[in-house]
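# Architecture and fold: a report
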Amino acid sequence: SIYTCLVVGLASQNRLRDAEQVMHRWRADGLRPTKTAHCAIIRGCLQHDQVDEGLAAMERMKSDGIKPDLVTYSWLLHELVKRDRLPDVDKLLV
């Protein structure tokens, strides 16, 4: 969808706030964002050293009823371990 394209493009350019606004509009239009869009925001957060925002984005993904896949968990785990945030790793795995 056009929403997915917008979110992916914005997130890849570190325009994460704009990407989140598109997601908000998407929901306001009565639609549910796709896994691809959620993953783009998570990946964008992680690529730009915004790990906490990436974790929050994953929680929003779950709230939208979308189960994160193995790749998404792998991205988050990698960044958390790299930053020695082991307590957060434990929380993510529970």
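Scroll up a little and you will see the structure.
The structure contained in this document is the topic of the report that follows. Treat the numbers as computed from the prediction; the structure is a model and nothing was measured.

Turning to the nonpolar core, a few remarks are in order. Ranked by internal contacts, the top residues of the largest apolar core, which has 26 residues, are Val7, Ile41, Ile42 and Leu76. Broken down by element, this core gets its largest block of residues, seven residues, from helix 3 (residues 35-47). Ignoring sequence-local partners within four residues, the contact set of Ile41 consists of Val7, Ala11, Leu16, Ala19, Glu20, Met23 and Ala57.

Taken as a whole and assessed by the stated rule, the structure comprises zero disulfides. Considering cysteine sulfurs only, Cys39 is the nearest to Cys5, which forms no disulfide, with 15 Å between them. Distance from the sulfur of Cys45, which forms no disulfide, to the nearest cysteine sulfur (Cys39) is 12 Å.

Rules used throughout
Residues numbered from 1 in each chain as written. Predicted model: local features only at pLDDT ≥ 70, side-chain atom pairs only at ≥ 80, totals over all residues. Heavy atoms only, no water. Core = buried A, V, L, I, M, F, W, Y, C linked by side-chain atoms within 4.5 Å. Buried < 20%, exposed > 50% of the residue type's maximum accessible area, 1.4 Å probe, protein only. Helix = DSSP H or I, 4+ residues; strand = E, 2+ residues; numbered from the N terminus. Contact = heavy atoms within 4.5 Å. Disulfide = S-S within 2.5 Å.

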